[in-house]
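Examining the three-dimensional arrangement
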Amino acid sequence: MHATLRAAALAALALGLAASAHADVFTKEQLIHLNKDKPAGGHGVLVGEYAFTRDKATKDQAIKEISWLTLAPGDSIGYHPHVTNEDTYIIVSGQGTFKDKDGRDVPVKAGDVTIVRKGESHGLANTGSVPLVFIDVIAEQ
């Protein structure tokens with residue numbers, strides 16, 4: 001069920017975010033598996049499944065990267081700035097703490113959406129006992 005939900009959500013995002021008359025679909029089998037050790041100075045490993053990465057987006061595409069990301073319990077993405085782009089996390093399952101643009105820790109859980117704008121900083125930690133799964137959408141004007 002989880003895999004079906006993930007594929008459907010990613011397809012819906014790709015369809016809803018497409019800027020042209022056609023839409024791209026990235027099936028689960030096509031996703032790029034890319035893990036990041038100690039992301040942005042955080043702890044542990046950020047497990048990633050990407051529809052595409054920033055180096056594949058063209059200049060005219062607003063969405064620069066979209067992915068399923070997972071943090072194991074106790075792992076985190078360090079507090080980091082977004083100089084030229086915006087970043088949205090859509091929490092799918094698990095729970096954690098989002099460090100907002102003002103450095104405040106805010107609890108997050110399934111169904112929550114976070115956003116950091118250009119020039120702001122953020123971070124995320126899994127404070128729960130199960131994996132924290134979220135969709136990450138990076139956009140740039």
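What follows concerns the packing of aromatic side chains. As enumerated under the stated definition, the model contains three aromatic pairs in all. Relative to F52, the ring of F26 lies with its centre 5.6 Å away and its plane at 50 degrees, an arrangement referred to as tilted. Of the two residues, F26 is situated in the loop between α1 (2-17) and β1 (32-37) and F52 in strand β2 (residues 45-52); the sequence distance between them amounts to 26 residues. Overall, the relative accessible area of 15% leaves F52 in the buried class. Judged by centre distance (6.2 Å) and plane angle (90 degrees), the rings of Y89 and F98 are edge-to-face. For the pair Y89 and F98, one class covers both residues: buried. The structure contains a cluster of three or more aromatic residues connected by ring pairs, namely Y89, F98 and F134.

According to the stated counting rule, one finds nine salt bridges in the structure shown. Residues K99 and D105 are paired through a salt bridge, measuring 3.0 Å at the closest nitrogen-oxygen approach. Ionic contacts of the salt-bridge type, sharing partners, join the residues D100, D102 and R104 into one network.

Attention now moves to the sheet that holds strand β7 (residues 105-109). Backbone-to-backbone hydrogen bonds join strands into a sheet, with any given pair of strands oriented parallel or antiparallel. With respect to topology, four strands assemble into an open sheet ordered β4-β9-β6-β7, the strand pairing being antiparallel. Looking at which strands have only one partner, the edges of the open sheet turn out to be β4 (76-81) and β7. In this sheet, adjacent strand axes meet at a mean angle of 20 degrees when their direction is disregarded. In this structure, strand β6 (residues 95-99) lies alongside β7, joined through five bridges in antiparallel fashion. For F98, the partnering residue across the bridge sits in β7 and is V106.

Definitions and cut-offs
- Residues numbered from 1 in each chain as written.
- Predicted model: local features only at pLDDT ≥ 70, side-chain atom pairs only at ≥ 80, totals over all residues.
- Heavy atoms only, no water.
- Phe/Tyr/Trp six-rings, centres within 6.5 Å; stacked < 30°, edge-to-face > 60°.
- Helix = DSSP H or I, 4+ residues; strand = E, 2+ residues; numbered from the N terminus.
- Buried < 20%, exposed > 50% of the residue type's maximum accessible area, 1.4 Å probe, protein only.
- Salt bridge = Lys/Arg side-chain N within 4 Å of Asp/Glu carboxyl O.
- Pairing = 2+ DSSP bridges.
- Axes fitted to C-alpha atoms, helices over the stretch in contact; angles between N-to-C directions.

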